[in-house]
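Take a look at the letters that make up each chain.
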Amino acid sequence: MGVLNAKRDDVQGRINREEFTGHRRRLAQVQVWLTRIQTIENQFNDLLSTCNAEIQRLCLCGFCSKNVKMSYLYGKRVIVLLREVEGLSSQGVFDIVTEAAPIAEVEELPIQSTIVGQDSMLDKVWNCLMEDKVWIVGLYGMGGVGKTTLLTQINNKFSKLGGGFDVVIWVVVSKNATVHKIQKSIGEKLGLVGKNWDEKNKNQRALDIHNVLRRKKFVLLLDDIWEKVELKVIGVPYPSGENGCKVAFTTHSKEVCGRMGVDNPMEISCLDTGNAWDLLKKKVGENTLGSHPDIPQLARKVSEKCCGLPLALNVIGETMSFKRTIQEWRHATEVLTSATDFSGMEDEILPILKYSYDSLNGEDAKSCFLYCSLFPEDFEIRKEMLIEYWICEGFIKEKQGREKAFNQGYDILGTLVRSSLLLEGAKDKDVVSMHDMVREMALWIFSDLGKHKERCIVQAGIGLDELPEVENWRAVKRMSLMNNNFEKILGSPECVELITLFLQNNYKLVDISMEFFRCMPSLAVLDLSENHSLSELPEEISELVSLQYLDLSGTYIERLPHGLHELRKLVHLKLERTRRLESISGISYLSSLRTLRLRDSKTTLDTGLMKELQLLEHLELITTDISSGLVGELFCYPRVGRCIQHIYIRDHWERPEESVGVLVLPAIHNLCYISIWNCWMWEIMIEKTPWKKNLTNPNFSNLSNVRIEGCDGLKDLTWLLFAPNLINLRVWGCKHLEDIISKEKAASVLEKEILPFQKLECLNLYQLSELKSIYWNALPFQRLRCLDILNNCPKLRKLPLDSKSVVKVEEFVIKYKEKKWIERVEWEDEATQYRFLPTCRLR
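Bear in mind the structure is a predicted one, so any value in this text is a computation, not a measurement.

## Details of the overall build of the protein
Next, step 1: Helix and strand counts for the protein stand at 26 helices and 32 strands.
Next, step 2: With the C-alpha coordinates of the protein rotated into their principal frame, the extents come out at 120 × 75 × 60 Å.
Next, step 3: Restricting the contact set of the protein to residue pairs at least 6 apart, pairs at least 24 apart contribute 62%.
Next, step 4: Summed over all atoms, the accessible surface of the protein reaches about 40,700 Å², with 48% contributed by carbon and sulfur.
Next, step 5: For the protein, the distance from the average site of its 109 positive side-chain charges to the average site of its 115 negative ones is 5 Å.

Structure (structure tokens):
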């Protein structure tokens with residue numbers, strides 16, 4: 001029985017490890033075997049409990065019994081049980097113990113921590129969706145009522161319960177969505193990506209999607225649709241009883257539900273009084289509610305003014321969570337009382353949401369928030385870009401330097417996120433977005449509560465092919481026409497008050513007329529980025545005398561207009577991905593320039609450009625490409641060297657004379673990102689810069705991202721020891737790389753040992769056929785979240801991990817692409833293997 005129990009424990013341990021991720025389940029024959037052992041164990045324990053009594057029955061030294069019949073029956077039971085135990089023990093040899101579990105291939109989505117009053121609705125929607133005769137479920141209700149939250153819970157329930165589906169697809173549709181956008185979201189989930197896919201038309205894409213989904217039992221979740229989504233046009237097979245597929249969607253309109261073929265749509269209503277009060281209590285917190293005996297009564301009035309709208313309750317609750325005086329709560333109820341003067345959804349809700357806006361400290365924070373409404377619905381705005389807009393608008397002062405201005409900008413962003421006025425990206429923390437209802441509220445405030453709608457014109461992503469009709473151009477202060485279908489922009493609107501003009505992402509835009517910029521004397525921000533058909537700008541751009549921000553990234557311009565040199569107030573010039581731009585000669589005339597972005601441009605940093613940039617006294621940031629042979633020139637131009645934050649080192653195949661064998665990197669203090677691509681050097685070294693002579697040891701104190709690809713001569717990357725704040729490291733396709741950190745090289749360059757990668761979060765290794773070691777000892781990896789061993793790293797057997805490595809192991813994942821690789825890994829010990837094997841995922 002002891003041997004059988006040992007086998008049982010071994011098999012159970014294998015099962016536990018394989019079932020840990022939830023993607024596998026035990027085989028039925030294995031479960032039957034385990035159940036039989038449990039039955040036998042009970043019988044064994046029963047025999048064992050009467051053993052002493054049976055021994056007492058024996059006499060004549062055990063050769064006879066006082067009750068022969070009882071002893072015979074007991075002995076017979078022992079023999080029968082022994083045979084069963086031996087039989088089970090011989091059967092307990094399993095090559096495999098689990099199989100793939102039929103759980104939906106679904107990504108669990110982040111969701112807010114406080115959800116009240118949706119349990120019954122969640123069960124109702126789930127049960128309806130699981131009915132055999134129901135194939136499409138429609139959820140409708142007003143904005144901010146919790147439709148997206150409910151659909152997110154449905155998505156996450158699939159990840160826990162499965163339901164027998166092959167794949168669950170989540171698509172955010174939003175207003176003015178295109179077939180292309182929906183197909184792209186679905187295609188990414190199905191693995192339909194790449195250049196060939198991107199170049200196909202919508203009919204070809206639809207055919208590809210259909211060919212994949214017709215063989216799968218799928219669930220399609222469409223969030224925030226504003227009109228009928230033609231499943232056939234997209235390529236999605238219509239759900240039916242035959243294919244067992246399901247579609248669920250959310251919308252503002254009951255009419256849309258009917259057009260989608262839903263006879264009995266479900267309305268998501270606002271919370272009742274009790275649930276609304278419970279939600280507000282949780283958001284405000286017991287400490288605040290208990291800080292004065294009258295606050296709970298006033299809080300109930302605030303809850304009533306929110307009309308049960310979860311969005312309003314969340315926003316107001318978080319705003320009031322630190323208001324602990326009775327006067328602040330009285331003021332809140334007085335301000336919110338004005339909501340009763342309005343009628344209809346917009347009039348009741350926007351003033352409530354506006355209270356959180358009114359609670360922001362300072363006009364600068366308010367202006368920064370309103371500015372975010374210039375972008376389309378659900379648009380993810382990059383924080384750094386947004387702060388640069390704010391600076392040029394004058395909301396943030398840059399006189400004390402870029403770093404201080406950006407610190408203030410990030411402080412404002414933090415305030416807006418904590419106030420639930422902006423949403424931070426779930427996966428990418430460098431972006432923010434706006435909830436639809438909050439955006440509507442911001443536009444409402446921008447227009448002076450609807451009284452002066454021409455003050456701010458936002459017609460982004462609605463398919464415009466010509467300028468909108470505006471009665472009074474002189475009143476326009478900000479205008480967003482991004483993501484439209486302009487081919488030409490004609491006319492000369494008299495926009496004397498215009499400060500910001502967004503024209504980016506108009507892919508068809510070919511021409512801007514000479515007259516267009518003539519009457520915009522106050523324009524400070526002009527974004528023309530990602531207009532891939534735009535090859536030239538009118539010389540009249542010189543008349544934008546107040547321009548501080550100009551973004552031409554992703555355009556096909558071949559030269560800068562001569563008039564650009566007249567823009568003496570220009571602070572930020574973005575020319576990234578301008579792959580036809582021959583030269584930026586004369587840039588030294590832009591005397592106020594602080595930021596120059598040239599990454600991935602045809603114009604690279606050479607000696608002539610360095611000489612010009614050296615003349616710009618206010619320059620603070622440069623992103624640029626440079627050949628390895630010219631990196632050493634940076635030591636001769638200290639102003640240029642100090643300003644480089646992102647550098648892309650790449651050699652040109654047609655100019656091999658520009659390459660070097662040993663790349664000497666200046667230890668630039670401000671450098672944040674470095675990419676070295678297709679260079680021929682065999683070693684990388686770092687050296688102190690002339691402008692930082694006081695440093696004892698050279699180091700990259702701000703370097704957080706390193707990407708090295710196709711550098712076949714390199715054998716190690718030991719120089720990374722001097723990047724103590726490295727967060728992301730990606731090394732691809734370096735054929736002769738043997739060590740990330742070489743033990744011998746480290747001993748020769750360091751006076752004392754430095755523990756590397758203390759802040760590393762992601763390590764990505766790919767096609768490194770000779771790589772043997774990341775580091776010679778186990779490392780603590782305080783922040784590591786992801787280790788990707790994607791392909792062709794056959795000699796990497798030992799990982800720098802032990803049983804104490806990685807603090808948050810529950811959030812850590814090792815991704816690998818070859819089954820043989822994980823089988824060959826040599827773990828430090830059993831404890832290390834037990835700690836990290838469950839984190840391994842086959843891609």
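Structure's up, so let's keep going.
## Some words on the sheet that holds strand β10 (residues 381-382)
Next, step 1: The strand order across the open sheet formed by three strands is β10-β12-β11, and the pairing between neighbours is antiparallel. Among the strands making up the open sheet, the edge pair consists of β10 and β11 (423-424).
Next, step 2: Bridge count for β11 against strand β12 (residues 431-433) is two bridges, and the pairing is antiparallel. Opposite E424, over in β12, you have V432 as the bridge partner.

## What to know about the nonpolar core
Next, step 1: Judged by nonpolar contacts, the single largest core of 117 residues is most densely connected at W719, I740 and L765.
Next, step 2: Filtering out sequence-adjacent residues up to four positions away, I740 remains in contact with D716, L717, T718, L720, L729, V731, F757, L765, L771, S773 and I774.
Next, step 3: Grouped together as the second largest cluster of nonpolar side chains are 93 residues, L139, M320, I326 and F446 included.

## Topic: the sheet that holds strand β9 (residues 266-267)
Next, step 1: Ordered in space as β6-β7-β8-β5-β9, the five strands form an open sheet in which the pairing is parallel. Edge positions in the open sheet fall to β6 (167-172) and β9, since each of these has one partner strand only.
Next, step 2: In this sheet, strand β7 (residues 218-225) lies alongside β6 in parallel orientation, the contact comprising six bridges. Counterpart to V171 in the pairing with β7 is L222.

## Points about the UniProt feature "domain: NB-ARC" (unreviewed entry) in the protein
Next, step 1: Cross-referencing UniProt, the feature "domain: NB-ARC" (unreviewed entry) maps to residues 119-289 in the present numbering.
Next, step 2: Between the C-alpha atoms that bound residues 119-289 the distance is 26 Å, and the span itself is 48% helix and 16% strand.

## Remarks on the packing of aromatic side chains
Next, step 1: Within the structure shown, the criterion is met by 20 aromatic pairs.
Next, step 2: Over the aromatic face of F165 sits the side chain of K217, whose NZ or CZ is 4.9 Å from the ring centroid.
Next, step 3: Looking at R730, its charged tip hangs above the ring of W732, at a distance of 3.7 Å from the centre.

## Quick notes on the pairing of β7
Next, step 1: Extensive coverage of β7 is indicated by the burial of eight of its eight residues.
Next, step 2: As paired elements, β7 and strand β8 (residues 246-251) share five bridges and run parallel to each other. Bridge pairing in β8 places L220 opposite V247.

## Some details on the side chain of E377
Next, step 1: Looking at where E377 falls in the secondary structure, it is placed in the loop between α18 (363-371) and β10.
Next, step 2: One buried charged residue, E377, remains without a salt bridge, the closest side chain of opposite sign being R439 at 4.2 Å.

## Regarding the side chain of S447
Next, step 1: Structurally, S447 can be placed in the loop between α21 (436-446) and β13 (456-458).
Next, step 2: Here the side chain of S447 touches W444 through a polar contact of 2.9 Å, landing on its backbone oxygen.

## Side note on a negative patch on the surface
Next, step 1: Negative charge collects at one region of the surface, where D465, E466, E469 and E487 lie side by side.
Next, step 2: Mapped onto the secondary structure, D465 falls in the loop between β13 and β14 (478-480).
Next, step 3: Given a relative accessible area of 53%, D465 falls into the exposed group.

## Thoughts on the pattern of salt bridges
Next, step 1: Using the criterion set out here, one finds 40 salt bridges in the structure.
Next, step 2: For E99, the salt bridge goes to R25, with nearest N and O atoms at 3.2 Å. A residue pair is termed long-range when its members are at least 10 positions apart, and E99 in strand β4 (residues 98-100) and R25 in strand β1 (residues 24-26) qualify at 74 residues.
Next, step 3: A relative accessible area of 41% places R25 in the partly exposed class.
Next, step 4: Salt bridges sharing common partners tie together E384, E388, R402, K574 and R597.

## Some thoughts on the domain arrangement of the protein
A common way to state how big an interface is: give the accessible area lost once the parts meet.
Next, step 1: According to the domain assignment, the protein consists of domain 1 (1-100), domain 2 (118-267), domain 3 (360-451) and domain 4 (704-842).
Next, step 2: One C-alpha centre belongs to domain 1, the other to domain 4, and the line joining them spans 46 Å.

## Topic: unusual backbone geometry
Next, step 1: One non-glycine residue with positive phi stands out, namely E530, at about 60°.
Next, step 2: Positionally, E530 belongs in the loop between β18 (525-527) and β19 (549-551).
Next, step 3: Here N792, not a glycine, exhibits a phi torsion of approximately 55°, which is positive.
Next, step 4: Mapped onto the secondary structure, N792 falls in the loop between β30 (786-789) and β31 (813-816).

Procedures and definitions
Residues numbered from 1 in each chain as written. Predicted model: local features only at pLDDT ≥ 70, side-chain atom pairs only at ≥ 80, totals over all residues. Heavy atoms only, no water. Helix = DSSP H or I, 4+ residues; strand = E, 2+ residues; numbered from the N terminus. Contact = heavy atoms within 4.5 Å. Areas by Shrake-Rupley, 256 points an atom, 1.4 Å probe, with all protein chains shown as cover. Lys, Arg positive; Asp, Glu negative; His and termini not counted. Charge placed at Lys NZ, Arg CZ, Asp CG, Glu CD. Pairing = 2+ DSSP bridges. Core = buried A, V, L, I, M, F, W, Y, C linked by side-chain atoms within 4.5 Å. Buried < 20%, exposed > 50% of the residue type's maximum accessible area, 1.4 Å probe, protein only. UniProt positions renumbered as here; feature names shortened; annotations may be inferred. Phe/Tyr/Trp six-rings, centres within 6.5 Å; stacked < 30°, edge-to-face > 60°. Lys NZ or Arg CZ within 6 Å of the ring centre and 35° of its normal. Salt bridge = Lys/Arg side-chain N within 4 Å of Asp/Glu carboxyl O. Polar contact = N/O pair within 3.5 Å; in protein donor to acceptor, adjacent residues only side chain to side chain. Patch = residues over 30% accessible without salt bridge, like charges linked within 9 Å, V, L, I, M, F, W, Y side chains within 5 Å. Domains from an automatic or database assignment.

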